[in-house]
Amino acid sequence: MIIFLAKRIVGLVAVLFAVSVITFIIFNVIPGGDPALRMAGRHPTKQAIANINKDWGFDQPLYKQYLAMMDHLFVKRDLISYQDQTEVLPTIARGIPRTLSLAIGAAALWLLFGIAMGVASGLNQGGWTDRVMTILAMTGISMPIFWLGAVLLYLITFKYRELPVLSWFPAGGYSPISDPVEWVRHLILPWITLSIVSIGFYARVVRNSLLETSSADYVRTATAMGLSRRRVLFRHTLRTSLIPVVALFGLDFGAAVGGLVILVEPIFGLQGVGQYAQSSVAHLDLPPLMALTLYGAFFVVVFNAVVDIAYAWLDPRTRDA
């Protein structure tokens, strides 16, 4: 386990370094990426641009600018946005609970319903249940997240707002988890929006894996020994069928926390990390984008490590790999 953790820490550092360098280079070579021009206003003078370059260190070689940014990000922790001159890390810290609330709730939904639909479909292969689940899964996979969020928000909070059931849903915003009821009220629509695509995809993966595992020799042996169908399903078939789901979940959850939330948070006004990232991209604001990119990469690497541990538990054959 110590060797495993050491390898993961080295890999995490290497990934974060590579991501930070690539992000820094990209935003220094793209057209319109010069922060001094944007900070100088609409009608900047050469002297104003020169003063900004000197004050902010933009006249230094790129490697010195990179090292200075890493110093402000990781050591001094006082990284400043080019756009509005506010501190980046406190803004991200305020948005993380909102983003994690969105991602964790959506992940719980897509795991629960995805596995349930996949099992129901796999156990009734070729039947009407399988057909219905397949149609629902493909419909969910085909829906763009941003379109689904906008439609749900319009229908539930505006078009049919007068219906007693739908009036329970707020039009957006966020409520802290200290008030669980309000927390759920404000997040249920974003959860559905973020999870609907993954539910359909996971249902198809579980179905196909379940059908493949059901024909394995050890499953047929367990059935021939007289074990009940329920025990064979939960002790043998389903456990092995969930191995690809574990791999997908680690990647998808990391991607949701580090990226997909950018499509959902602005629609519902959650003001989390994703909404901050969208605003930073629109203004080509490198400091928050650097911090947010590293934040996303960190979650992807960490959840990949969690996936490896879960793999070893589900399939002992991988423990010595």
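Residues numbered from 1 in each chain as written. Predicted model: local features only at pLDDT ≥ 70, side-chain atom pairs only at ≥ 80, totals over all residues. Heavy atoms only, no water.

Visitor: Sorry if this is basic, but what is going on with the overall build of the protein chain here?
Guide: The number of helices and strands found in the protein chain is 13 helices and zero strands. Its helices and strands taken in sequence order, the protein chain reads α-α-α-α-α-α-α-α-α-α-α-α-α from the N to the C terminus. With respect to the principal axes defined by its C-alpha atoms, the protein chain has extents near 85 × 60 × 35 Å. Summarising the internal contacts of the protein chain: among those between residues at least 6 apart in sequence, 69% fall at separations of at least 24. Across the protein chain, 25 positive and 19 negative side-chain charges occur, with their mean positions spaced 8 Å apart. (Helix = DSSP H or I, 4+ residues; strand = E, 2+ residues; numbered from the N terminus. Contact = heavy atoms within 4.5 Å. Lys, Arg positive; Asp, Glu negative; His and termini not counted. Charge placed at Lys NZ, Arg CZ, Asp CG, Glu CD.)

Visitor: I tried to follow the packing of helix α5 (residues 88-123) against helix α11 (residues 243-268) on my own but got confused; where do I start?
Guide: Angle between the axes and distance between the axes are the two parameters that describe a pair of packed helices. Viewed as axis vectors pointing N to C, α5 and α11 meet at an angle of 135 degrees, and their least axial separation amounts to 9 Å. Here α11 runs oblique to α5, going by the angle between their axes. Judged by the twist between their axes, the crossing of α5 over α11 is right-handed. Along the contact surface, α5 presents Thr99, Leu100, Leu102, Ala103, Ile104, Ala107, Trp110 and Leu111, while α11 presents Val245, Phe249, Asp252, Phe253, Ala256, Val257, Val261, Val264 and Glu265. (Axes fitted to C-alpha atoms, helices over the stretch in contact; angles between N-to-C directions. Parallel < 35°, antiparallel > 145°, perpendicular 65-115°, else oblique. Left-handed = near helix turned anticlockwise from the far one by under 90°.)

Visitor: What is the right way to look at the pattern of salt bridges in this model?
Guide: Oppositely charged side chains may form a pair once their charged atoms are brought near each other. Enumeration over the complete set of coordinates arrives at three salt bridges. Among the ionic pairs, arginine 207 bridges to aspartate 130, the shortest N-O distance being 2.9 Å. Highlighted residues: arginine 207 in helix α8 (residues 180-214) and aspartate 130 in helix α6 (residues 128-142), separated in sequence by 77 residues. For arginine 207, a relative accessible area of 11% puts it in the buried group. (Salt bridge = Lys/Arg side-chain N within 4 Å of Asp/Glu carboxyl O. Buried < 20%, exposed > 50% of the residue type's maximum accessible area, 1.4 Å probe, protein only.)

Visitor: Honestly, a nonpolar patch on the surface in this entry has me stumped. Any pointers?
Guide: Taken together, the side chains of Tyr154, Leu155, Phe158, Tyr160 and Leu163 make up a nonpolar region of the molecular surface, amounting to roughly 490 Å² of accessible area. Position of leucine 155 among the secondary structure elements: in helix α7 (residues 145-159). Using a relative accessible area of 31% as the deciding quantity, one classes leucine 155 as partly exposed. (Patch = residues over 30% accessible without salt bridge, like charges linked within 9 Å, V, L, I, M, F, W, Y side chains within 5 Å. Areas by Shrake-Rupley, 256 points an atom, 1.4 Å probe, with all protein chains shown as cover.)

Visitor: It is not clear to me how the nonpolar core should be interpreted in this structure. Could you clarify?
Guide: Generally speaking, a soluble globular protein has its nonpolar side chains buried in company with each other. Residues Met69, Leu73 and Trp191 are the most contacted members of the largest nonpolar core, which totals 71 residues. Residues contacting methionine 69, with those up to four places away along its chain left out, are Phe24, Leu79, Tyr82, Leu286, Pro287 and Met290. (Core = buried A, V, L, I, M, F, W, Y, C linked by side-chain atoms within 4.5 Å.)

Visitor: Got a minute to help me understand helix α4 (residues 62-75) in this structure?
Guide: Residues spaced three or four apart along an α-helix face the same direction, because each turn holds 3.6 residues. Taking 1.5 Å as the rise per residue, α4 with 14 residues should run 20 Å; its terminal C-alpha atoms sit 19 Å apart, in good agreement. Looking only at α4, the buried set comprises Gln65, Tyr66, Met69, Met70 and Leu73. Along the long axis of α4, the arc covered by the buried residues comes to 135 degrees, so they all point the same way. Exposed side chains of α4 directed beyond 90 degrees from the buried face belong to Tyr63 and Val75. Positioned one or two residues after α4, arginine 77 has a phi angle of 55 degrees, which is positive. (Expected span 1.5 Å × (residues − 1). Arc of directions from axis to C-beta.)

Visitor: For this particular structure, what's the right way to read unusual backbone geometry?
Guide: Trans peptide bonds make up most of the peptide bonds, and negative phi angles are found at most residues other than glycine. Phi at glutamine 85 is positive, roughly 60 degrees, even though this residue is not glycine. Classification of glutamine 85 as partly exposed rests on a relative accessible area of 41%. Even without being glycine, glutamine 271 reaches a positive phi, approximately 55 degrees. For glutamine 271, the location among the structural elements is in the loop between α11 and α12 (273-282).

Visitor: Looking at this model, I keep getting lost on the packing of aromatic side chains. Mind explaining?
Guide: Within the structure shown, the criterion is met by ten aromatic pairs. Judged by centre distance (5.1 Å) and plane angle (85 degrees), the ring pair of phenylalanine 58 and tyrosine 82 falls under edge-to-face. Remark: tyrosine 82 occurs in the loop between α4 and α5 and phenylalanine 58 occurs in the loop between α3 (46-56) and α4; sequence separation between them is 24 residues. By relative accessible area, tyrosine 82 is classed as buried at 13%. Pairing tyrosine 154 with phenylalanine 158 gives two aromatic rings, centres 5.5 Å apart and planes at 35 degrees, and the pair type is tilted. Note that tyrosine 154 and phenylalanine 158 are positioned in helix α7 at a spacing of four residues, about one turn of the helix. (Phe/Tyr/Trp six-rings, centres within 6.5 Å; stacked < 30°, edge-to-face > 60°.)

Visitor: Mind showing me how you'd approach the side chain of asparagine 53 here?
Guide: Within the secondary structure, asparagine 53 is located in helix α3. Classification of asparagine 53 as buried rests on a relative accessible area of 18%. Here asparagine 53 is in contact with Asp34, Ala36, Phe58 and Asp59, once residues within four sequence places are set aside.

Visitor: Help me understand the environment of threonine 134 in this model?
Guide: Within the secondary structure, threonine 134 sits in helix α6. Residue threonine 134 is classed as partly exposed on the basis of its relative accessible area of 24%. Remark: the alpha-carbon pair of threonine 134 and arginine 207, spanning 73 residues in sequence, is separated by 9.5 Å. Leave out the neighbours within four places in its chain, and threonine 134 touches Ser121 and Arg204. At a separation of 2.7 Å, a polar atom in the side chain of threonine 134 contacts the main-chain carbonyl oxygen of aspartate 130. (Polar contact = N/O pair within 3.5 Å; in protein donor to acceptor, adjacent residues only side chain to side chain.)

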